[in-house]
Amino acid sequence: MADEPTPAEEEPDRDSPAPVESSEPDSGVSGSNGAGAADYVTPCARAPQFAVRSVSDQDGELEVTTEVTPSCAEGDVLTGAANSMMLYAPSSTTGGSGAADMVVAYADFDFSGAPVVIPSGGRTLVLRFAAGYFFRSASDIDASSTTLSGDIDRSGASNAVAVGSDARTTAIVASGTGDGQAAEAAAAGNLRWQADHDRPTVVSSVSGYWVPQVSSKRPGLYAEGMTWGSPDIVQEFFSLRQQFPQALLLFSDDWSVFDAGGSWWVTIVGIPFTTAEEANAWCDSQDLDGEHCFAKYIDTNGSSEGTTRNR
């Protein structure tokens, strides 16, 4: 009987696939579409499509879950350091209807340290917009009425990225920074949106009553150790509304009970009181000092005289 072959003499496994070479630029995932560690993916020439699935408030950030579909049949990869992502929602203040025509969140996301592979079948991507880079809270955003667009940074487009076994799992990309001027403009528009959105509630619930006023800010104001911008004012309002769910935003120039021309963004707590003393007693009960809470009379008519009662 012939001797058994030694391991070195055994024939190779003919069913084993040969190593997959890196594909040409813009070709996407080679081989088995991201299923094995020997596969590679390269960036597409065009940006992928983003479909928003949910929007939520998470630990002071706005979390946007989106399904990403590549423009290449073979897949895509996000590798750049400055991917500008913009979430749009309707500018209409009546419900969530209308075209998604207003930027409500904007930030640049850096994928250079941990590239995000988009298989041909797409994947879920979770983007978290940091404080100062989202300008409407999730409670006022209907995800089904939003759109997400991305100015994708293809500066590393020639680099192929090896695909690991997690190619189809959810990728969470935290926070992000952005252009300060763009954030200022978007935040200013959303302050106007918030005041218009809250006005019917102010008129119907507290007009003709005293309420606690807990903040008044305007861009360029130096107070509390900082110079305030519109993104800061938006974030303060969100923080106050989390603390006091009845918080409402007013623009002082819209109301005759404020001195004309002040252009202050004013946060009140929409609890109606018949007297200034009752409103100030509420401030006392919340342990808020006299600079951060005092009685304000709200009305659609009349002058500002006698409408503020300090503690």
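Look up: the structure comes first, before these words.
Residues numbered from 1 in each chain as written. Predicted model: local features only at pLDDT ≥ 70, side-chain atom pairs only at ≥ 80, totals over all residues. Heavy atoms only, no water.

J.: Help me out: how do you make sense of the overall build of the protein chain in this one?
T.: If you tally the helices and strands in the protein chain, you get 3 helices and 18 strands. Here the protein chain holds 311 residues, and 45% of them are scored as buried. Here the analysis covers contacts within the protein chain between residues at least 6 apart in sequence; of these, 73% occur between residues at least 24 apart. Carbon and sulfur atoms form 49% of the exposed surface of the protein chain, whose accessible area is close to 15000 Å². (Helix = DSSP H or I, 4+ residues; strand = E, 2+ residues; numbered from the N terminus. Buried < 20%, exposed > 50% of the residue type's maximum accessible area, 1.4 Å probe, protein only. Contact = heavy atoms within 4.5 Å. Areas by Shrake-Rupley, 256 points an atom, 1.4 Å probe, with all protein chains shown as cover.)

J.: Looking at this model, I keep getting lost on the pairing of strand S8 (residues 123-129). Mind explaining?
T.: The side chains of a regular strand alternate, residue by residue, between the two faces of the sheet. Counting buried residues in S8 gives 7 out of 7 residues, a clear majority hidden from the surface. Residues of S8 alternate between two faces, with Arg-123, Leu-125, Leu-127 and Phe-129 on one and Thr-124, Val-126 and Arg-128 on the opposite face, all of them buried. Sheet analysis places strand S3 (residues 61-69) next to S8, joined by 7 bridges and oriented antiparallel. In the sheet register, Glu-63 faces S8, and the bridge partner there is Arg-128. (Pairing = 2+ DSSP bridges.)

J.: Teacher, can you tell me more about the side chain of Glu-63 here?
T.: In this structure, Glu-63 sits in strand S3. A relative accessible area of 17% means that Glu-63 is categorised as buried. Sequence-distant contacts of Glu-63, that is, excluding residues within four places in its chain, are made with Ser-54, Val-55, Ser-56, Gln-58, Val-126, Leu-127 and Arg-128.

J.: I keep staring at helix H1 (residues 180-205) and nothing clicks. Help me out?
T.: Turn by turn, an α-helix covers 3.6 residues, leaving residues three or four places apart pointing in a common direction. With 26 residues, H1 ought to run about 38 Å at 1.5 Å a step, and its terminal C-alpha atoms sit 36 Å apart, in line with that. Those residues of H1 that sit buried are Ala-183, Ala-186, Ala-187, Asn-190, Leu-191, Trp-193, Gln-194, Ala-195, Asp-198 and Val-202. Packed against the buried residues of H1 are strand S6 (102-109), helix H2 (230-243), strand S15 (247-251), strand S16 (265-269) and strand S17 (294-298). (Expected span 1.5 Å × (residues − 1).)

J.: How should I be thinking about the packing of aromatic side chains in this particular structure?
T.: Two aromatic rings are characterised by how far apart their centres lie and by the angle between their planes. Counting across every chain of the model gives 6 aromatic pairs. Measuring from centroid to centroid gives 5.2 Å for Phe-109 and Phe-129, while their planes differ by 90 degrees, and the two rings are edge-to-face. Linking Phe-109 in strand S6 with Phe-129 in strand S8, this pair joins segments that are 20 residues apart in sequence. Each of the two residues, Phe-109 as well as Phe-129, counts as buried. Its end group placed over the ring of Trp-255, Arg-199 keeps NZ or CZ at 4.4 Å from the ring centre. Over the face of the ring belonging to Phe-258 we find Lys-296, whose NZ or CZ atom lies 4.4 Å from the ring centre. (Phe/Tyr/Trp six-rings, centres within 6.5 Å; stacked < 30°, edge-to-face > 60°. Lys NZ or Arg CZ within 6 Å of the ring centre and 35° of its normal.)

J.: How should the state of the cysteines be read in this particular structure?
T.: Where two cysteines share a covalent bond between their sulfur atoms, that bond is called a disulfide. Under the definition given, this model contains 2 disulfides. Linked covalently through their sulfurs, Cys-283 and Cys-293 form a disulfide whose S-S length is 1.9 Å. Around the S-S axis, the bridge from Cys-283 to Cys-293 shows a dihedral of about -70 degrees and counts as left-handed. Taken as a pair, Cys-283 in helix H3 (residues 276-285) and Cys-293 in the loop between H3 and S17 lie far apart in primary sequence, 10 residues in all. Note on Cys-293: relative accessible area 0%, which makes it buried. With its disulfide-bonded cysteines labelled consecutively along the sequence, the protein chain is connected as 1-2, 3-4. (Disulfide = S-S within 2.5 Å.)

J.: Before we go on, may I ask you to explain the sheet that holds strand S5 (residues 83-89) in this structure?
T.: Through backbone hydrogen bonds, the strands of a sheet pair up, either in parallel or in antiparallel fashion. If you trace the 3 strands from one edge of the open sheet to the other, you get S6-S5-S9, paired in antiparallel fashion. Pairing within the sheet leaves two strands with one partner each, and these edge strands are S6 and strand S9 (147-151). Within this sheet the neighbouring strands show an average axis-to-axis angle of 20 degrees, counted without direction. Judged from the 7 bridges that link them, S5 and S6 form a sheet pairing that is antiparallel. Following the sheet pairing, Leu-87 is matched in S6 by Ala-105. (Axes fitted to C-alpha atoms, helices over the stretch in contact; angles between N-to-C directions.)

J.: How should the sheet that holds S17 be read in this particular structure?
T.: In space, the 5 strands of this open sheet follow the order S15-S16-S12-S17-S18, with antiparallel pairing throughout. Unpaired on one side and paired on the other, S15 and strand S18 (308-309) mark the two borders of the sheet. Here 5 bridges tie strand S12 (residues 209-217) to S17, and the two strands are oriented antiparallel to one another. Looking across to S17, one finds that Gln-213 is bridged to Phe-294. Strands in contact with H3 are S12, S16, S17 and S18; relative to S12, the strand with the most contacts, it is inclined by about 50 degrees.

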